[in-house]
Amino acid sequence: MFFHGSPVSRHSHQRLHTEEKPHSCPECGKCFSRKCNLYRHQRLHTGEKPYSCPECGKCFHFQSDLIIHFRSHTGEKPHSCTECGNVLLKNHSIVKHHVTHTGEKPHSCPECGKCFSRKGNLYRHQRLHKGEKPYSCPECGKCFSDKSNLSQHQRSHTGEKPYSCPECGKCFSQKSHLYSHQRSHTGEKPYSCPECGKMFFRQTPSLQTSEISHGGVGHVPVLSEGNVPH
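Small disclaimer: the values here were computed from a predicted structure and weren't measured.

1. Digging into the overall build of the protein chain
Helices and strands together make up the secondary structure of the protein chain, namely eight helices and 15 strands. In the protein chain, buried positions account for 23% of the 230 residues. Contacts in the protein chain between residues far apart in sequence, at least 24 positions, make up 7% of those at least 6 positions apart. For the protein chain, the accessible surface area stands at approximately 16,200 Å², while carbon and sulfur atoms represent 50% of it.

2. Looking at the confidence of the model for the protein chain
Residues of the protein chain with pLDDT of at least 70 account for 72%, and the chain-wide mean is 78. Per-element mean pLDDT across the protein chain ranges from 44 in strand S15 (residues 224-225) up to 92 in strand S10 (residues 143-144). Residue range residues 1-6 is modelled with pLDDT below 50. Its contacts to residues more than four positions away, or to other chains, number five contacts. Across residues 216-230 the pLDDT falls below 50, and counting only partners more than four positions away or on other chains, this stretch makes 29 contacts in the model.

3. Let's talk about the pattern of salt bridges
For the structure shown, the criterion picks out one salt bridge. Among the ionic pairs, Arg-124 bridges to Asp-146, the shortest N-O distance being 3.1 Å. Placement of the pair is Arg-124 in helix H5 (residues 119-130) and Asp-146 in the loop between S10 and helix H6 (147-158), with a sequence separation of 22 residues. The partly exposed category is assigned to Arg-124, whose relative accessible area is 35%.

4. Quick word on the UniProt feature "domain: C2H2-type" (unreviewed entry) in the protein chain
Under the local residue numbering, the UniProt record ascribes the feature "domain: C2H2-type" (unreviewed entry) to residues 23-50, 51-78, 79-106, 107-134, 135-162 and 163-190. For the annotated span residues 163-190, helix accounts for 43% and strand for 14% of the residues, and the straight-line distance between the end C-alpha atoms is 21 Å.

5. Examining helix H7 (residues 175-186)
Helix length check: H7, at 12 residues, gives a terminal C-alpha distance of 17 Å against a target of 16 Å (1.5 Å per residue), a fit within 8%. Regarding H7, the residues found buried are Leu-178, Ser-180, His-181 and Arg-183. The secondary structure elements touched by the buried residues of H7 are strand S11 (163-164), strand S12 (171-172) and strand S13 (191-192). Looking at the residues trailing H7, positive phi occurs at Gly-187, about 80 degrees.

6. Let's talk about the side chain of Asp-146
Note on Asp-146: relative accessible area 14%, which makes it buried. In contact with Asp-146, other than residues within four places in its own chain, are Arg-124, Arg-127 and Tyr-135.

7. With respect to the environment of Thr-74
Within the secondary structure layout, Thr-74 lies in helix H3 (residues 63-74). Of the residues examined, Thr-74 reaches a relative accessible area of 46% and is grouped as partly exposed. Residues Thr-74 and Glu-55, spaced 19 residues apart in sequence, show a C-alpha to C-alpha distance of 10.0 Å.

The rules we used
- Residues numbered from 1 in each chain as written.
- Predicted model: local features only at pLDDT ≥ 70, side-chain atom pairs only at ≥ 80, totals over all residues.
- Heavy atoms only, no water.
- Helix = DSSP H or I, 4+ residues; strand = E, 2+ residues; numbered from the N terminus.
- Buried < 20%, exposed > 50% of the residue type's maximum accessible area, 1.4 Å probe, protein only.
- Contact = heavy atoms within 4.5 Å.
- Areas by Shrake-Rupley, 256 points an atom, 1.4 Å probe, with all protein chains shown as cover.
- pLDDT = per-residue confidence, 0-100.
- Salt bridge = Lys/Arg side-chain N within 4 Å of Asp/Glu carboxyl O.
- UniProt positions renumbered as here; feature names shortened; annotations may be inferred.
- Expected span 1.5 Å × (residues − 1).

See the structure below:
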């Protein structure tokens, strides 16, 4: 590769190979190889959103986010999966989606060896080992290791139930509760007792009946799970 610009541009590029990151954020300490990337990052702390959508006025930290958002108005979905034809707005979303076909899990936890298809999922998992809980509820102060768990918890304060059953219209605060409820319509019983084979809609305290009838007090059978939607 040839550089016709200044020595500064050449040196900035060389950091991609050396992994040198001399520019650090005074707020959180995160480091960057280029000063312009630091400036972009600092908008997350200052709240600055200089890019606004001409259609709806929504503002964004980064121009790339505005471009992706604008496709929601135009209907443009330029990235499609070659395996299933699923069309997505973002190129990196296609890369993430593709592992659902390959089953590849290249990111492993150094603590327990559990593997993940996405690096972000590995980072969230590692918080369980560290005991890190960076997301706190502004209502009650309870802390969570995962942002999605915080969102679920906050519904206990707001009463929001965004997941509705298409059969009867009953609403739920968590998607897993909706899936469990839908089995009452489909008759699906994915949980079976390993002792007698009796089938259940879900794992509930009522399954302690198996503990009493098969193994007595202190014997908890391990239920086998079939194809349960996640």
